Amino acid sequence: MNILEQITAFKRQEVAERKALYPVKLLEQTIYFETQPVSFRKYLLRQDLHGIIAEFKRKSPSLGIINAHASVERTTIGYMQAGASALSVLTDAQFFGGKNDDLKIARKFNFCPILRKDFIIDEYQIIEAKSIGADVILLIAGILQADEVNKLAAFAKSLGLEILLEVHDREELERTLTDQVDAIGVNNRNLKDFSVSINTSKELAALIPDKFVKVSESGISKAETILDLRTYGYRGFLMGEAFMKTSRPEKALASFIETLKTDKPIFA
Ligand SMILES: O=P(O)(O)OC[C@@H](O)[C@@H](O)c1c[nH]c2ccccc12
């Protein structure tokens, strides 16, 4: 089994256990069912920000432990103060060392779009995303059939959430593209073997219709890469490791943003 297959097998079990422990009725009583989500799309298109989606990630199957000590509160507040456009919080415990509470804490302290980073295969996880205060969910084409993407995206929309659809190649993009999603994320990392190539974003750019916000995900560590990807139409840049591997991720983001600032308008 490759890592994606292992993760989805584990998720099926996890979802079944959670459904029994925390029934939907209970989740629907949380305060976030009453509150209006913040638009991910809008924040990524803002002229006064740089499009960085700053991720809180403690470990990953490709790197192992990235940062065992960072505080979610200090890091996410610092990310926003440094000028991030949105936050991404890993909630998967088994493979990424995250938890739902991490996202809840990020929500409590920040008014900005928050992406729930997890492996969604069931509507239950979308209700859960809403109940912990997420604004946008990730759907990964590599683990879903086209009809599943459609159904899950429509369901997320019905709860007011936005959807980032992640693809890694042309086949995934063409097979799953649907009007139900708001943004397309091209993952530069191949989750089957962990290899990373920024060219993946460049190659797929022209195949993504303009009405979707284009996001480039993974393996980004240089300002030049962002400036280059903007010329391909990318408006969102999902970055984790580059910041999280330092002892103060929020400071690393602040210095990174300094290197991104130019006199020219962000989008020509
Ligand atoms: O840490 P990086 O290389 O900057 O990548 C961040 C993000 O793109 C990556 O964590 C990611 C992209 N898609 C995912 C799906 C699940 C878990 C994690 C991911």
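Placed above this text is the structure.
Now for a look at the structure at hand. Since the model is a prediction, treat every value here as computed from it, not as a measurement.

### Here we look at the sheet that holds strand β8 (residues 183–187)
Consideration 1: With respect to topology, eight strands assemble into a closed barrel ordered β1-β4-β5-β6-β7-β8-β9-β10, the strand pairing being parallel. Going across the sheet, the axis of each strand differs from the next one's by a mean of 25 degrees, ignoring polarity.
Consideration 2: Direction of pairing for strand β1 (residues 52–56) relative to strand β10 (residues 234–239): parallel, over a ladder of three bridges. Across the sheet, A54 pairs through a bridge with M239, a residue of β10.

### Quick word on the packing of helix α6 (residues 123–131) against helix α7 (residues 146–158)
Consideration 1: Across the interface, α6 lies against α7 with an axial gap of 10 Å and an inter-helix angle of 25 degrees. Classed by the angle they form, the pair α6 and α7 counts as roughly parallel. Here α6 runs over α7; the crossing is right-handed. Of the residues in α7, those touching α6 at E123, I126 and I127 are K151, L152, F155 and A156.
Consideration 2: Its residues placed into classes, the contact of α6 with α7 shows five nonpolar, no polar and two charged.

### Regarding the site of the ligand
Consideration 1: Taken together, 17 residues lie near the ligand, and E55, E166, R189, G240 and E241 sit nearest.
Consideration 2: Within the side chain of K117, a nitrogen or oxygen atom sits 3.5 Å from an oxygen atom of the ligand.
Consideration 3: E166 is positioned with one of its side-chain polar atoms (N or O) 2.7 Å from a nitrogen atom of the ligand.
Consideration 4: Across the complex, the protein chains shield 98% of the 440 Å² of accessible surface that the ligand would expose by itself.
Consideration 5: Judged by the fraction of its atoms near the pocket grid, the ligand is located in the largest pocket.
Consideration 6: Those elements giving two or more residues to the shell around the ligand turn out to be β6 (136–140) and β10.

Reading the values: the criteria
Every residue gets a number counted from 1 within its own chain, in the order that chain's sequence is written. In keeping with the model being predicted, local features are shown solely for residues with a pLDDT of at least 70 and side-chain atom pairs are shown and tallied solely at 80 or more, while totals for entire chains, interfaces and linings include all residues. Heavy atoms from the whole structure form the basis of all side-chain values; hydrogens and water molecules are not counted. Should DSSP find at least two bridges between two strands, the strands are regarded as paired. A run of H or I in DSSP becomes a helix once it reaches four residues, and a run of E becomes a strand once it reaches two; helices and strands are each numbered from the N terminus. Axis geometry follows a simple rule: fit a line to the C-alpha atoms, using only the stretch in contact for helices, then measure angles between N-to-C directions, giving values from 0 to 180 degrees. In what follows, roughly perpendicular refers to angles from 65 to 115 degrees, roughly parallel to angles under 35, roughly antiparallel to angles over 145, and oblique to any angle outside these ranges. Crossings are assigned a handedness: left-handed for a near helix turned anticlockwise from the far helix by less than a right angle, right-handed for a clockwise turn. A contact between two residues is defined here by any heavy atoms of the two lying within 4.5 Å. As a working rule, the residues Ala, Val, Leu, Ile, Met, Phe, Trp, Tyr, Cys and Pro are called nonpolar, Asp, Glu, Lys and Arg charged, and the rest polar, with Gly in that last group. One heavy atom suffices: a residue is near a molecule or strand as soon as one of its heavy atoms comes within 4 Å of it. The term polar contact refers here to a pair of N or O atoms within 3.5 Å; inside protein, the definition further demands a hydrogen-donor-capable atom paired with an acceptor-capable atom, and it admits residues adjacent in sequence only when both atoms are side-chain atoms. For every accessible area listed, the method is Shrake-Rupley and the probe measures 1.4 Å; residues are considered covered only by the protein chains on display. Buriedness for pockets is judged along seven lines, at least five of which must meet protein on both sides within 12 Å for an open set on the 1 Å grid over protein atoms alone, while cavities are sets there where a 1.4 Å probe fits but cannot get out, and lining residues have an atom within 4 Å of a point. Put plainly, a molecule is in a cavity or pocket when over half of its atoms are within 2 Å of the grid points there.

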